[in-house]
There are 4 protein chains.
Amino acid sequence: MAEAPRVAAKRGRPPKSQSQLRTQRPGTQRAAAKEATRLKLIEATIDSIARSGFADTTLAKVSEGAGLSRGIVNFHFTSKDALLVETLTHLADEYTGFWRAAVAEAGADPAARLTAIVDAEFHPTVCNRKKIAVWYAFWGEARSRPTYLAVCERQDSEHLEAIRAICRELVETGGYADIDAEDAANGLMALADGLWLDQLLTPAHFDRAAARRVCLLFLAGVFPRHFTAKRGAASAA
Amino acid sequence: MAEAPRVAAKRGRPPKSQSQLRTQRPGTQRAAAKEATRLKLIEATIDSIARSGFADTTLAKVSEGAGLSRGIVNFHFTSKDALLVETLTHLADEYTGFWRAAVAEAGADPAARLTAIVDAEFHPTVCNRKKIAVWYAFWGEARSRPTYLAVCERQDSEHLEAIRAICRELVETGGYADIDAEDAANGLMALADGLWLDQLLTPAHFDRAAARRVCLLFLAGVFPRHFTAKRGAASAA
Amino acid sequence: MAEAPRVAAKRGRPPKSQSQLRTQRPGTQRAAAKEATRLKLIEATIDSIARSGFADTTLAKVSEGAGLSRGIVNFHFTSKDALLVETLTHLADEYTGFWRAAVAEAGADPAARLTAIVDAEFHPTVCNRKKIAVWYAFWGEARSRPTYLAVCERQDSEHLEAIRAICRELVETGGYADIDAEDAANGLMALADGLWLDQLLTPAHFDRAAARRVCLLFLAGVFPRHFTAKRGAASAA
Amino acid sequence: MAEAPRVAAKRGRPPKSQSQLRTQRPGTQRAAAKEATRLKLIEATIDSIARSGFADTTLAKVSEGAGLSRGIVNFHFTSKDALLVETLTHLADEYTGFWRAAVAEAGADPAARLTAIVDAEFHPTVCNRKKIAVWYAFWGEARSRPTYLAVCERQDSEHLEAIRAICRELVETGGYADIDAEDAANGLMALADGLWLDQLLTPAHFDRAAARRVCLLFLAGVFPRHFTAKRGAASAA
DNA sequence: CATGAATGAGTCTTCATTCAT
DNA sequence: AATGAATGAAGACTCATTCAT
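Because the structure is predicted, anything quoted here is derived from the model rather than measured.

**A word on the overall build of chain A**
Phase 1: Within chain A, the secondary structure is distributed over 10 helices and 0 strands.
Phase 2: When the helices and strands of chain A are placed in sequence order, the string is α-α-α-α-α-α-α-α-α-α.
Phase 3: Pairs at least 24 apart in sequence give 69% of the contacts found in chain A among residues at least 6 apart.
Phase 4: Surface accessibility of chain A: about 10,400 Å² in total, with carbon and sulfur atoms responsible for 52%.

**Focus: the interface of chain B and chain A**
Phase 1: Opposite the 47 residues of chain B that make contact, chain A presents 47 residues.
Phase 2: Interface area for chain B against chain A, summed over the two sides, is near 3,900 Å², with a carbon-plus-sulfur share of 64%.
Phase 3: Of all residues in chain B, Arg-143, Leu-201 and Leu-217 of chain B bury the most surface against chain A, accounting for 17% of the area lost on that side.
Phase 4: At the level of elements, α2 (28-52), α7 (129-142), α8 (146-174), α9 (181-201) and α10 (208-222) of chain B are the ones that each hand at least two residues to the side of chain B that touches chain A.
Phase 5: Here the element with the most residues in the side of chain B that touches chain A is α9 of chain B; it accounts for 13 residues.
Phase 6: When grouped by side-chain class, the residues that make up the side of chain B that touches chain A number 23 nonpolar, 10 polar and 14 charged.

**Observations concerning the relation of the copies chain B and chain A**
Phase 1: For these two chains of identical sequence, chain B goes onto chain A by a turn of 180° and a shift of 0.1 Å along the axis, with RMSD 0.2 Å. On the angle and the small slide along the axis, the relation comes out as a two-fold axis. No C-alpha of chain B approaches the rotation axis more nearly than that of Gly-221 of chain B, which lies at 1.8 Å.
Phase 2: Looking at chain B, 100% of its interface residues are interface residues in chain A too, so the copies touch through the same face.

**A short note on helix α9 (residues 181-201) of chain A**
All names here are of chain A.
Phase 1: With 21 residues, α9 should reach 30 Å at 1.5 Å per residue; the first-to-last C-alpha distance of 30 Å fits that figure.
Phase 2: The buried count for α9 comes to 20 of 21 residues, which makes it a mostly enclosed element.
Phase 3: At the N-terminal boundary of α9, the capping side chain belongs to Asp-180, with an oxygen 2.9 Å from the backbone nitrogen of Glu-182.

**Quick notes on the relation of the copies chain C and chain D**
Phase 1: When chain C is brought onto chain D, the operation consists of a screw motion whose angular component is 180° and whose axial shift is 0.0 Å, with 0.1 Å RMSD remaining.
Phase 2: The fraction of interface residues of chain C whose copies in chain D are also interface residues reaches 100%, indicating that both copies meet through the same surface.

**Some remarks on the interface of chain C and chain D**
Phase 1: With 47 residues of chain C at the interface, the matching set in chain D holds 47 residues.
Phase 2: Carbon and sulfur atoms supply 64% of the area buried between chain C and chain D, which totals about 3,900 Å² over both sides.
Phase 3: On the chain C side of the interface with chain D, the three residues burying the most area are Arg-143, Leu-201 and Leu-217 of chain C, jointly 18% of the side's total.
Phase 4: Applying the counting rule to chain C against chain D returns 2 salt bridges.
Phase 5: A salt bridge links Asp-183 of chain D to Arg-213 of chain C; the nearest nitrogen and oxygen atoms lie 2.8 Å apart.
Phase 6: Inspection of the chain C/chain D interface yields 10 residue pairs in polar contact (both at pLDDT 80 or more).

**Observations regarding the UniProt feature "domain: HTH tetR-type" (unreviewed entry) in chain A**
Phase 1: With numbering matched to this structure, UniProt assigns "domain: HTH tetR-type" (unreviewed entry) to residues 35-95 of chain A.
Phase 2: Taken as a whole, residues 35-95 of chain A contains 77% helix and 0% strand, while its terminal C-alpha atoms sit 20 Å from one another.

**Examining the protein's contact with DNA strand E**
Phase 1: Of all residues adjacent to DNA strand E, which total 34 residues, the nearest are Leu-59 and Lys-80 of chain A, His-76 of chain B, Ser-69 of chain C together with Lys-80 of chain D.
Phase 2: Among the atoms of DNA strand E lying within 4 Å of the protein, the sugar-phosphate backbone contributes 69%.
Phase 3: Between DNA strand E and the protein, one listed contact pairs a phosphate oxygen with a side-chain N or O atom of Ser-69 of chain B at 2.9 Å.
Phase 4: Measuring from a phosphate oxygen of DNA strand E, one finds a backbone N or O atom of Leu-59 of chain D at 2.9 Å.
Phase 5: When its residues are assigned to classes, the surface near DNA strand E shows 8 nonpolar, 18 polar and 8 charged.

**Side note on the packing of helix α6 (residues 110-121) of chain B against α8 of chain B**
Between two packed helices, the angle of one axis relative to the other and the distance separating the axes together describe the packing.
Residues and elements named next belong to chain B.
Phase 1: One can describe the packing of α6 onto α8 by two numbers: an axis separation of 9 Å at closest approach and a directional angle of 150°. Between α6 and α8, the angle falls in the class roughly antiparallel. Of the two possible hands of crossing, α6 and α8 adopt the one that is left-handed. Within the contact between the two elements, α6 uses Pro-110, Ala-111, Arg-113, Leu-114, Ile-117 and Glu-121 and α8 uses His-159, Ile-163, Ile-166, Cys-167, Glu-169 and Leu-170.

**Considering the protein's contact with DNA strand F**
Phase 1: Taken together, the neighbourhood of DNA strand F is formed by 34 residues, with His-76 of chain A, Lys-80 of chain B, Leu-59 and Lys-80 of chain C together with His-76 of chain D sitting nearest.
Phase 2: Backbone atoms, meaning sugar and phosphate, make up 70% of the atoms of DNA strand F lying within 4 Å of the protein.
Phase 3: Contacts to DNA strand F include Ser-69 of chain A, whose side-chain N or O atom sits 2.9 Å from a phosphate oxygen.
Phase 4: Within the side chain of His-76 of chain D, an N or O atom sits 2.5 Å from a phosphate oxygen of DNA strand F.
Phase 5: When contributions to the surface near DNA strand F are tallied by element, the ones reaching two or more residues are α2 (28-52) and α4 (72-77) of chain A together with α2 (28-52) and α4 (72-77) of chain D.
Phase 6: Grouping the constituent residues of the surface near DNA strand F by class yields 8 nonpolar, 18 polar and 8 charged.

**Overview of the domain arrangement of chain A**
As a measure of interface size, the accessible area lost when the parts come together is often cited.
Residues and elements named next belong to chain A.
Phase 1: In terms of domains, chain A is made up of domain 1 (21-78) and domain 2 (85-232).
Phase 2: Of note, the centres of domain 1 and domain 2, computed from C-alpha atoms alone, are 30 Å apart.
Phase 3: Contact residues are listed per partner, giving 10 residues for domain 1 and 12 residues for domain 2.
Phase 4: The three residues of domain 1 that bury the most area against domain 2 are Ile-42, Ile-46 and Phe-54, which together make up 54% of that side's buried surface.
Phase 5: Run the count over domain 1 and domain 2 and you get 2 salt bridges.

**Thoughts on the packing of helix α8 (residues 146-174) of chain D against helix α9 (residues 181-201) of chain D**
Residues and elements named next belong to chain D.
Phase 1: Close contact between α8 and α9 brings their axes to 8 Å; oriented N to C, the two are set at 130°. As judged from the angle between their axes, α8 and α9 are oblique. Crossing angle aside, the handedness with which α8 passes α9 is right-handed. Contacts between α8 and α9 involve Asp-156, His-159, Leu-160, Ile-163, Arg-164, Cys-167, Arg-168 and Val-171 from the first element and Ala-181, Glu-182, Ala-184, Ala-185, Asn-186, Leu-188 and Met-189 from the second.
Phase 2: A breakdown of the residues in the contact of α8 with α9 according to their chemical character gives 9 nonpolar, 2 polar and 4 charged.

**Brief notes about the UniProt feature "DNA-binding region" (unreviewed entry) in chain A**
Phase 1: On the UniProt side, "DNA-binding region" (unreviewed entry) is annotated at positions that read residues 58-77 of chain A here.
Phase 2: In the segment residues 58-77 of chain A, helix accounts for 65% and strand for 0%; the C-alpha atoms at its two ends are 14 Å apart.

**Regarding the packing of aromatic side chains**
Phase 1: What the rule picks out here adds up to 37 aromatic pairs over all chains.
Phase 2: For the pair Phe-54 of chain B and Phe-138 of chain B, a centre-to-centre distance of 5.4 Å together with 85° between the ring planes defines the contact as edge-to-face. Linking Phe-54 of chain B in the loop between α2 and α3 (59-65) with Phe-138 of chain B in helix α7, this pair joins segments that are 84 residues apart in sequence.
Phase 3: Classification of Phe-54 of chain B by relative accessible area gives buried; the value is 7%.
Phase 4: Accessibility expressed as a relative area gives 0% for Phe-138 of chain B, which makes it buried.
Phase 5: By way of ring pairs, the aromatic residues Tyr-95, Trp-135, Tyr-136, Trp-139 and Trp-196 of chain A together with Tyr-95, Trp-135, Tyr-136, Trp-139 and Trp-196 of chain B are connected into one cluster.

**Section: the pattern of salt bridges**
Phase 1: In the structure shown here, the tally under the stated rule is 48 salt bridges over all chains.
Phase 2: Of the charged contacts, one joins Arg-145 of chain C and Asp-81 of chain C as a salt bridge, the two residues approaching to 3.4 Å between their closest N and O atoms. In this pair, Arg-145 of chain C sits in the loop between α7 (129-142) and α8 (146-174) while Asp-81 of chain C sits in helix α5 (residues 80-106), placing the two residues 64 residues apart along the sequence.
Phase 3: For Glu-161 of chain D, the salt bridge identified is with Arg-168 of chain D, shortest N-O distance 3.2 Å.
Phase 4: Note on Arg-168 of chain D: relative accessible area 36%, which makes it partly exposed.
Phase 5: One network of salt bridges, with partners in common, ties together Glu-161, Arg-164, Arg-168 and Glu-182 of chain A.

Criteria and cut-off values
Residues numbered from 1 in each chain as written. Chains lettered and ligands numbered in written order. Predicted model: local features only at pLDDT ≥ 70, side-chain atom pairs only at ≥ 80, totals over all residues. Heavy atoms only, no water. Helix = DSSP H or I, 4+ residues; strand = E, 2+ residues; numbered from the N terminus. Contact = heavy atoms within 4.5 Å. Areas by Shrake-Rupley, 256 points an atom, 1.4 Å probe, with all protein chains shown as cover. Buried area = accessible area lost by both parts, 1.4 Å probe. Nonpolar A, V, L, I, M, F, W, Y, C, P; charged D, E, K, R; others polar. Least-squares fit on C-alpha atoms with pLDDT ≥ 70 in both. Expected span 1.5 Å × (residues − 1). Buried < 20%, exposed > 50% of the residue type's maximum accessible area, 1.4 Å probe, protein only. Polar contact = N/O pair within 3.5 Å; in protein donor to acceptor, adjacent residues only side chain to side chain. Salt bridge = Lys/Arg side-chain N within 4 Å of Asp/Glu carboxyl O. UniProt positions renumbered as here; feature names shortened; annotations may be inferred. Near = heavy atom within 4 Å. Axes fitted to C-alpha atoms, helices over the stretch in contact; angles between N-to-C directions. Parallel < 35°, antiparallel > 145°, perpendicular 65-115°, else oblique. Left-handed = near helix turned anticlockwise from the far one by under 90°. Domains from an automatic or database assignment. Phe/Tyr/Trp six-rings, centres within 6.5 Å; stacked < 30°, edge-to-face > 60°.

See the structure below:
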């Protein structure tokens with residue numbers, strides 16, 4: 001499977017490598033330090049949400065978790081809300097970057113691409129209890145916060161569109177005229193999200209291989225000539 | 001499909017009809033009024049979580065939503081946390097009661113029972129944006145609140161076990177020796193939970209019939225002789 | 001020493017004996033029941049203050065302690081404040097009645113009367129940790145509550161005046177021309193109050209006999225021909 | 001008599017003079033300001049308890065009295081309870097520091113030392129209606145608050161032990177074989193506490209000189225060759 | 001006479017945010 | 001760029017009091 005692929009650059013502020021930084025004109029180094037602090041805060045936020053939940057995530061906990069002082073968040077993010085939005089964006093960017101890279105590495109074969117997506121979905125980099133807890137925390141608040149909803153929607157629709165395109169290709173080139181590619185795509189995505197919930201609520205019961213197997217069970221049912229549910233492995237027909 | 005079935009009685013305090021109340025011994029009427037107030041508060045809590053989210057659900061909003069005074073929640077539930085737990089329990093009881101009734105009405109045929117479960121899952125009584133928002137709000141906090149987790153887990157495992165039993169029956173009596181009933185059950189549940197997320201995040205895009213169709217697409221793939229994905233209808237072979 | 005003497009009648013509502021009550025005209029019996037409830041509430045108040053302190057004495061605790069319902073106090077006493085004042089008055093009346101009875105029983109000899117007062121002061125009926133805690137609780141609030149202050153003052157000055165009168169008699173008839181009776185009386189009262197504090201703060205260290213001995217040490221110093229500090233016993237010269 | 005002696009430094013954070021502050025390393029000045037704020041709050045608490053009583057001392061009153069904002073107490077003391085405990089500790093430290101300094105200044109003579117203690121007891125610095133009201137407020141709550149009790153007990157037993165030691169010395173070196181030094185010490189302390197109560201309850205009637213006279217009346221009775229009650233003055237024999 | 005559900009003012013406490021250093 | 005003391009608005013909770021039954 002794909003190694004953890006690089007995360008997509010964040011909103012026009014592409015992360016620069018250390019070596020690059022040192023050769024920049026003065027002032028850029030300082031900017032990099034600032035960026036590093038921002039990142040530390042975002043990561044501390046993720047940790048806090050995962051550990052304490054959304055409701056008990058305070059700026060005090062975040063700044064303490066980042067090993068910094070109280071007022072720091074307002075300094076770097078203007079407001080708590082902005083920090084939260086940036087955290088969600090960060091998470092979404094990471095996730096999107098991850099599956100995009102996986103798909104890119106999978107080559108041209110649609111079945112292989114779909115398999116890559118399934119594998120990415122349950123890869124420890126994005127599918128671990130901490131991150132899933134944070135995703136669910138944001139989803140839990142999404143209904144009442146249009147900004148969150150927008151970020152989730154954008155990332156979701158992009159993901160769905162990618163899957164749908166592959167499904168369409170399979171339907172057309174694989175001779176599945178009776179299959180609705182839209183339904184298939186919806187199904188696969190829903191399956192993945194629902195299996196994440198298992199990891200959140202019953203981590204003891206969840207297992208990565210089983211989750212993958214269930215997805216392939218679905219795909220084997222829909223695209224029987226391209227997937228098989230046997231022995232937990234995918235195979236192009 | 002099943003009409004909204006009656007919710008299981010909560011903790012031994014079955015709601016009594018008005019006519020019954022008047023003929024009871026004195027004191028019972030008062031107790032019933034108290035219970036009615038409790039219920040009003042729970043419903044106001046659900047409304048508030050759905051509308052304002054978990055974080056912005058304050059006791060002031062809840063009591064105002066219930067048309068009652070400020071201190072009322074602490075009077076009936078001791079603490080905000082207790083109210084929240086009882087709200088989740090209420091939700092879980094309602095949900096469990098709902099699908100149980102649906103299954104009971106479906107008769108003995110396993111395919112019909114499974115279809116009933118799928119239908120119940122997306123019935124407007126339990127599957128509407130308000131309730132789903134509340135479910136996701138609780139799931140979002142579950143990781144950091146063992147009490148929520150316990151309630152979710154209990155309800156979840158009961159639901160899963162019911163589905164698993166039906167799948168097992170299908171596997172054994174339907175001649176699906178190569179199918180893992182456990183995987184099938186996990187898949188169906190995950191699918192349902194994931195499709196709920198669609199309704200939460202992209203309500204415009206969600207549609208009940210499509211959700212049902214996707215589930216049947218899965219079931220048709222797994223149990224092809226008992227389900228067919230055609231025209232969005234289930235049919236026993 | 002004097003047996004616990006009867007408590008002085010309370011402000012125009014003299015307690016009636018049970019037998020008396022039954023022979024009264026109808027309606028009086030009901031009044032007696034009401035009076036009994038009042039008393040139960042006052043006693044529950046004393047218990048609560050002793051156990052939970054002034055700050056944590058709530059009407060809920062009081063009514064529960066009395067085995068009655070929530071609203072009962074406002075029914076019988078109009079307000080919490082009134083209950084508290086009546087409790088203090090009750091305490092003061094009991095205390096005053098107690099030492100008055102003790103003095104009355106002591107006869108005419110001034111030394112014997114003074115001894116009786118000292119003995120009464122440390123008699124378990126009035127000098128036990130519960131009641132002392134309540135006295136100190138009221139004293140602690142007295143400064144800021146003129147009503148409490150007034151009740152305390154009235155009782156205090158009466159007590160002091162009684163002691164002063166005896167001291168004066170001793171000075172005049174006992175040949176203690178160089179002794180200021182006022183100072184002697186003040187000293188004895190202060191001594192008693194201060195020794196009560198010992199029982200409150202260091203109950204393990206406090207002992208009734210020692211307290212009595214200390215008072216007699218004082219009296220023996222002031223009126224050497226009438227009191228002796230030896231062996232913890234008072235004796236008229 | 002001793003001039004108001006300096007209070008013992010509190011918990012290793014000795015107050016620094018302004019001039020010192022400016023020359024310290026950065027950060028210390030800030031810490032000093034913080035300490036000053038703490039002290040202001042403690043003093044505002046004492047004022048409030050004295051004026052409004054324990055029950056009506058709210059954090060709003062305290063912070064207003066200190067000229068600071070609402071949330072300030074929780075910032076500096078975590079909780080109201082902690083503030084109260086620190087206030088009591090402050091009071092106890094001040095009191096202990098005061099009499100200790102007085103005794104130290106009195107020299108070696110036991111009678112002079114005892115006189116110094118009596119004088120300190122009624123010195124306006126510690127014996128004024130405000131502070132006594134606060135002491136009684138804490139004593140009133142002590143029964144039900146082990147923490148208060150512990151602080152009171154510690155300070156009390158230290159004070160008592162000091163007095164007892166002096167009494168013992170007097171007994172042994174002064175030839176008072178028939179006097180129980182323990183009783184004498186208990187008596188003197190109780191007398192002082194009881195006389196404080198007079199100032200609390202009947203301030204009009206209380207007078208410092210008389211209080212002192214009463215104590216000497218006691219001491220003259222117990223140690224006649226070292227104290228005389230005449231003319232309200234103490235004198236070594 | 002008594003009950004206990006309901007009220008709502010008042011408190012403590014939390015916490016995002018500000019700002020002098 | 002970072003700190004952390006201070007602010008003050010907002011929220012949970014308590015509890016005396018009321019009143020229909």
